[in-house]
Amino acid sequence: GQQVMQIPQYQHVQEGEDFTTYCNSSTTLSNIQWYKQRPGGHPVFLIQLVKSGEVKKQKRLTFQFGEAKKNSSLHITATQTTDVGTYFCAGPRSSNQFYFGTGTSLTVIP
Amino acid sequence: NAGVMQNPRHLVRRRGQEARLRCSPMKGHSHVYWYRQLPEEGLKFMVYLQKENIIDESGMPKERFSAEFPKEGPSILRIQQVVRGDSAAYFCASSPVGDPYNEQFFGPGTRLTVL
């Protein structure tokens, strides 16, 4: 069945370094969403990408949807300690539910 | 506008007891999703409900687990005869419309510990 894989599973960076997480689907996605979960918290919606090749920015975060709509990436420039958390991508599993990726846990070392 | 509410936030049960988790969606939302998250793992879809209807329960174990979303009141996820492997965080999420183009608003979760 459809799967959404994320790499890496864990990432430790020094504060100020960049960070990227990748999301890959075995099938073409109509859209993809990104969520962030702080330690001990709950997932919070960040953004949605719909168009092939779409790029969206939120301050230091850049989100990209692949041309084939099978992969996506989240890039954080100059990480800060407030970026700590787990980042999930989510793709539609059917017409009414999402399949969440395995997540990338980001640790930022001050 | 209150967000998604879940209670209890923490629940401790002994093996064999029942666990009942409640979720009140955001005002105006009639679509509820339940997810399970094991430590250090991602979110696993369990069930999708609309008012008085279970739309998709393909992610829910066939035995011991049930869910409902009555016309009045919160959605309930019920786990009967809990076992240690049921220990996890259970999140519910709601959305105004049940299509994949709407963001899901998550509640704070219920952390279930089975002794």
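Residues numbered from 1 in each chain as written. Chains lettered and ligands numbered in written order. Predicted model: local features only at pLDDT ≥ 70, side-chain atom pairs only at ≥ 80, totals over all residues. Heavy atoms only, no water.

### Topic: the interface of chain B and chain A
Contact residues are listed per partner, giving 24 residues for chain B and 25 residues for chain A. At the boundary of chain B with chain A, total buried surface from both sides reaches about 1900 Å², with 51% on carbon and sulfur atoms. Viewed at the interface, chain A and chain B are joined by zero salt bridges. Counting across the interface, chain B meets chain A through five residue pairs in polar contact (both at pLDDT 80 or more). Sorting the residues of the side of chain B that touches chain A by element identifies β4 (31-37), β5 (43-50) and β6 (53-56) of chain B as the ones contributing at least two each. Here the side of chain B that touches chain A is composed, by residue class, of eleven nonpolar, seven polar and six charged. (Contact = heavy atoms within 4.5 Å. Buried area = accessible area lost by both parts, 1.4 Å probe. Salt bridge = Lys/Arg side-chain N within 4 Å of Asp/Glu carboxyl O. Polar contact = N/O pair within 3.5 Å; in protein donor to acceptor, adjacent residues only side chain to side chain. Helix = DSSP H or I, 4+ residues; strand = E, 2+ residues; numbered from the N terminus. Nonpolar A, V, L, I, M, F, W, Y, C, P; charged D, E, K, R; others polar.)

### A few points about the side chain of B:Gln6
Residue and element names in this part refer to chain B. With respect to the helices, strands and loops of the structure, Gln6 is situated in strand β1 (residues 5-7). Polar contacts involving the side chain of Gln6 include one to the main-chain carbonyl oxygen of Tyr90, which spans 3.0 Å. In this structure the side chain of Gln6 is engaged in a polar contact, spanning 2.9 Å, whose partner is the backbone nitrogen of Gly109.

### Quick word on the sheet that holds strand β1 (residues 4-7) of chain A
Residue and element names in this part refer to chain A. Sheet architecture is open: five strands sit in the order β1-β3-β8-β7-β6, paired in antiparallel fashion. Looking at the sheet topology across the chains shown, the edges are occupied by β1 and β6 (55-58). Neighbour to neighbour, the strand axes of the sheet diverge by 15° on average, direction disregarded. By the bridge criterion, four bridges tie β6 to strand β7 (residues 61-65) in an arrangement that is antiparallel. Within β7, the residue paired with Val55 across the bridge is Gln64. (Pairing = 2+ DSSP bridges. Axes fitted to C-alpha atoms, helices over the stretch in contact; angles between N-to-C directions.)

### Overview of the pattern of salt bridges
The tally for this structure, following the rule as stated, stands at five salt bridges over all chains. A:Glu54 is the partner of A:Lys56 in a salt bridge, and the nearest nitrogen-oxygen pair spans 3.7 Å. According to the relative accessible area criterion, A:Lys56 is partly exposed, its value standing at 30%. Relative accessible area serves as the criterion here: at 16%, A:Glu54 is assigned to the buried category. A salt bridge links B:Arg78 to B:Glu18; the shortest N-O distance between them is 2.9 Å. In this pair, B:Arg78 sits in strand β8 (residues 75-79) while B:Glu18 sits in the loop between β2 (10-13) and β3 (19-24), placing the two residues 60 residues apart along the sequence. (Buried < 20%, exposed > 50% of the residue type's maximum accessible area, 1.4 Å probe, protein only.)

### Here we look at the packing of aromatic side chains
Residue and element names in this part refer to chain A. Tallied over the entire structure, the rule returns eleven aromatic pairs over all chains. Pairing Phe19 with Tyr87 gives two aromatic rings, centres 5.9 Å apart and planes at 40°, and the pair type is tilted. Remark: Tyr87 occurs in strand β9 (residues 85-92) and Phe19 occurs in strand β3 (residues 19-25); sequence separation between them is 68 residues. For Phe19, a relative accessible area of 1% corresponds to the buried category. In this structure Tyr87 comes out as buried when scored by relative accessible area, which is 1%. (Phe/Tyr/Trp six-rings, centres within 6.5 Å; stacked < 30°, edge-to-face > 60°.)

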